[in-house]
Amino acid sequence: MSKRKGKHAPVEEPPAEDQQADPAGPEGDPDAGGAVDDADELTKLRARVQELEDKNLRLVAEQQNQQKRTQRDHEQSLRYAEASFARDLLVILDDLERTQESARTATDVEAVADGVRIVYEHFLKVLSQHGIEQIQAVGEPFDPSFHEALMQQPCPDCPAGTVAQELARGYKMHDRVLRPTRVMVSAGPATGDAERGQE
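The following refers to the structure shown. (Residues numbered from 1 in each chain as written. Predicted model: local features only at pLDDT ≥ 70, side-chain atom pairs only at ≥ 80, totals over all residues. Heavy atoms only, no water.)

Some remarks on the overall build of the protein
Piece 1. Within the protein one finds four helices and six strands.
Piece 2. What you see in the protein, going N to C, is helices and strands ordered as α-α-α-β-β-β-β-β-β-α.
Piece 3. Considering the protein as a whole, with its 199 residues, one finds that 13% of them fall into the buried category.
Piece 4. Across the protein, the fraction of contacts at a sequence separation of at least 24, relative to all contacts at a separation of at least 6, is 63%.
Piece 5. By element, 52% of the accessible surface of the protein is carried by carbon and sulfur atoms, the whole surface being about 16700 Å². (Helix = DSSP H or I, 4+ residues; strand = E, 2+ residues; numbered from the N terminus. Buried < 20%, exposed > 50% of the residue type's maximum accessible area, 1.4 Å probe, protein only. Contact = heavy atoms within 4.5 Å. Areas by Shrake-Rupley, 256 points an atom, 1.4 Å probe, with all protein chains shown as cover.)

Some remarks on the pairing of strand β5 (residues 176-179)
Piece 1. As judged from the three bridges shared by strand β4 (residues 171-173) and β5, these two strands associate in the antiparallel manner. Looking at the pairing, K172 lines up with V177 of β5.
Piece 2. Linkage of β4 to β5, two consecutive antiparallel strands, is achieved through a turn of two residues, within which H174 is found at a positive phi near 60°. (Pairing = 2+ DSSP bridges.)

Remarks on the packing of helix α2 (residues 83-105) against helix α3 (residues 109-129)
Piece 1. Following both chains from N to C, one finds α2 and α3 inclined at 175°, their axes separated by 10 Å at the closest point. Classified by the angle between their axes, α2 and α3 sit roughly antiparallel to one another. Residues F85, D88, L89, V91, I92, D95, L96, T99 and A103 of α2 form the contact with α3, whose participating residues are V112, G115, V116, V119, H122, F123, V126, L127 and Q129.
Piece 2. Tallied by class, residues from the contact of α2 with α3 come to 12 nonpolar, four polar and two charged. (Axes fitted to C-alpha atoms, helices over the stretch in contact; angles between N-to-C directions. Parallel < 35°, antiparallel > 145°, perpendicular 65-115°, else oblique. Nonpolar A, V, L, I, M, F, W, Y, C, P; charged D, E, K, R; others polar.)

A word on α2
Helical geometry: 3.6 residues make up each α-helical turn, so side chains three or four residues apart lie on a common side.
Piece 1. The first and last C-alpha atoms of α2 sit 34 Å apart over 23 residues, in line with the 33 Å expected at 1.5 Å per residue.
Piece 2. Residues of α2 that are buried in the fold lie against α3. (Expected span 1.5 Å × (residues − 1).)

Notes on the side chain of T162
Piece 1. Along the chain, T162 turns up in the loop between β2 (147-153) and β3 (163-168).
Piece 2. Note on T162: relative accessible area 11%, which makes it buried.
Piece 3. Discounting chain neighbours no more than four positions away, the residues touching T162 are E140, P141, F142, M184, V185 and S186.

A look at the pattern of salt bridges
Piece 1. For the structure on display, the rule yields seven salt bridges.
Piece 2. Between R48 and E51 there is a salt bridge, and its shortest N-O distance comes to 3.3 Å. Of the two residues, R48 and E51 are both situated in helix α1 (residues 32-79); the distance of three residues between them amounts to about one turn of the helix.
Piece 3. By relative accessible area, which is 43% here, R48 ends up partly exposed.
Piece 4. Judged by its relative accessible area of 46%, E51 falls in the partly exposed class.
Piece 5. Residue R169 is joined to E166 by a salt bridge in which the shortest nitrogen-to-oxygen separation is 3.0 Å. (Salt bridge = Lys/Arg side-chain N within 4 Å of Asp/Glu carboxyl O.)

Limitation: the analysis is restricted to geometry and does not speak to function.
This is the structure in structure tokens:
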């Protein structure tokens, strides 16, 4: 009995190796996609580092310039700190020049002396306006912070250790001594004076 040939379903042949789909992408490397992402990230990081370095350099340069400006301003302030005082002293100089000119032709000595007194008082006023004052000495207890002892002598009217005489006037500016007063310090009454005082 002959077999009847029937129609068979076509058998699908597996695709060739070079025709199979590559899940890794066109490059055929399963890590290719990740490598591209890593390269992009590295480029971004390098750009960010460069940006931060540039910013840091600008900040350092700006700080250095600010320090230079501050130092220059400070030096200028110190250099011209006495400008106001100097202007006031120029007024005193004008007074002295006028007094000197008057003294050359004056016949009245008292008038010249009066002019000198006015200039002197004006000068003290200017000093006071700038915080400069005379240091009181005579009759005060000797204080090495304000007085410089040049000699010590007996004084019948001064207790020992007090300033008996002012030899060169001292000055202070606010609470700082510009120049101590040079003084003679009392050693107390002499022996004979002390004995007479006890009689």
